[in-house]
Amino acid sequence: MAAVSFRDIHKAFEKTKVIHGIDFDIADGEFVVLVGPSGCGKSTLLRMLAGLEEVSSGQIVIGGNIVNDVDSKDRDIAMVFQSYALYPHMSVRENMGFSLKLRKAPADLIRARVDDAARILNLAHLLDRLPRELSGGQRQRVAMGRAIVRDPKVFLFDEPLSNLDAKLRVAMRAEIKALHHRLKTTTVYVTHDQIEAMTMADRIVVMHDGHVEQIGTPLQLFDRPGNLFVAQFIGSPAMNVFTGTVRDGHVEALGASWPKPAGCDAASGTEVKYGIRPTDLRVVGEGIAARVVVVEPTGAETELLVEVGGQSMIVVMHSRTDARPDDIVHLAVDAARPHVFDAASGVRL
Ligand code: ADP
Ligand code: MG
């Protein structure tokens, strides 16, 4: 196992700069998720860590050693991709043992390691099959088994669940987490799916346009997003955001008065973006008037799409409701719940 550091990493392809100075540390044994929209540079950063792509400048450190000039195969990492990249003509056992065979490990050691990994991943009964005789989830598990067999210092995952259907994705998410809990190998996991990031990570690194927006535990990012980008990226349904003006002790927006959170010291007159999560809007007897547009009961919860002063917003109720389209409901916000951002810079106030 090993700690990992990115030190002022820049990357350009020809003249196109895609990573603009990334700096953070991953502790030994930590499970870190890189999350961000497609094209923000997640795979490029991971591939530089793996040694599959050169850095333009900066240092990559694994286990205390700068590895910029170390070959991928000598970095002691194992990578699992979205496309499982299994050898079609090899059995599951041969696929899982192949990297050790390449390194000329003794046959009985390979057999023991593969048997171990197969037991952990519930693949023992499939070892003689070919990849084409497996389901998508089983293939993904073989790809993970191949990584485990190598007993690397660091596991790298690049969107490993993207090819699976929704139900299997949830199951595999739990399996990968359980695997990490068991092996405690430092893991860097890339996804564009914020729910995957929230549910799996010890810490999340939110990336956007080749830089880091914020790093924190899932709940730190959810409770105190440092800027508007993170606020709207993390959380589902997404945070409601609208423009307002700070007045003494409250924020004026959409023709109504909204509570100003206690920690926010923005001066009266400041133009802000006011953010409130759908679960933090309560339907009450008296409050901010909202017109119901759509009612979506999901059983446990009810999602209301409403309109306030011409602005659409989502309210998640933990109860059932008689509300129908065109009804007027009233909304309240607890003063501790909203988020206020500078209108121009998007930085949390
Ligand atoms: P992500 O994994 O977050 O979707 P990538 O790391 O794949 O993003 O890509 C980041 C940016 O770098 C994108 O604009 C992409 O087009 C560009 N890029 C990635 N690989 C190459 C390459 N080999 N040559 C040129 N541009 C590339
Ligand atoms: Mg990618």
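### Structural notes on the domain arrangement of the chain
Thought 1: As assigned here, the chain comprises domain 1 (4–233) and domain 2 (243–342).
Thought 2: Computed from C-alpha coordinates alone, the two centres of domain 1 and domain 2 are separated by 39 Å.
Thought 3: Inspection of the domain 1/domain 2 interface yields zero salt bridges.
Thought 4: The interface formed by domain 1 and domain 2 contains one residue pair in polar contact (both at pLDDT 80 or more).
Thought 5: Taken together, the elements giving at least two residues each to the side of domain 1 that touches domain 2 come down to α7 (218–223) and α8 (228–233).
Thought 6: In terms of residues, the side of domain 1 that touches domain 2 owes the most to one element, α7, which gives three residues.
Thought 7: When its residues are assigned to classes, the side of domain 1 that touches domain 2 shows five nonpolar, one polar and one charged.

### Quick word on the packing of helix α2 (residues 92–102) against helix α4 (residues 136–149)
Thought 1: For the pair α2 and α4, interaxial distance at closest approach is 8 Å and the crossing angle is 30°. In this structure, the crossing between α2 and α4 has a hand that is right-handed. Contacts from Val-92, Asn-95, Met-96 and Leu-100 of α2 reach α4 at Val-142, Gly-145, Arg-146 and Val-149.
Thought 2: Residue composition of the contact of α2 with α4, grouped by class: five nonpolar, two polar and one charged.

What counts as what
Residues numbered from 1 in each chain as written. Chains lettered and ligands numbered in written order. Predicted model: local features only at pLDDT ≥ 70, side-chain atom pairs only at ≥ 80, totals over all residues. Heavy atoms only, no water. Domains from an automatic or database assignment. Salt bridge = Lys/Arg side-chain N within 4 Å of Asp/Glu carboxyl O. Polar contact = N/O pair within 3.5 Å; in protein donor to acceptor, adjacent residues only side chain to side chain. Helix = DSSP H or I, 4+ residues; strand = E, 2+ residues; numbered from the N terminus. Nonpolar A, V, L, I, M, F, W, Y, C, P; charged D, E, K, R; others polar. Axes fitted to C-alpha atoms, helices over the stretch in contact; angles between N-to-C directions. Left-handed = near helix turned anticlockwise from the far one by under 90°. Contact = heavy atoms within 4.5 Å.

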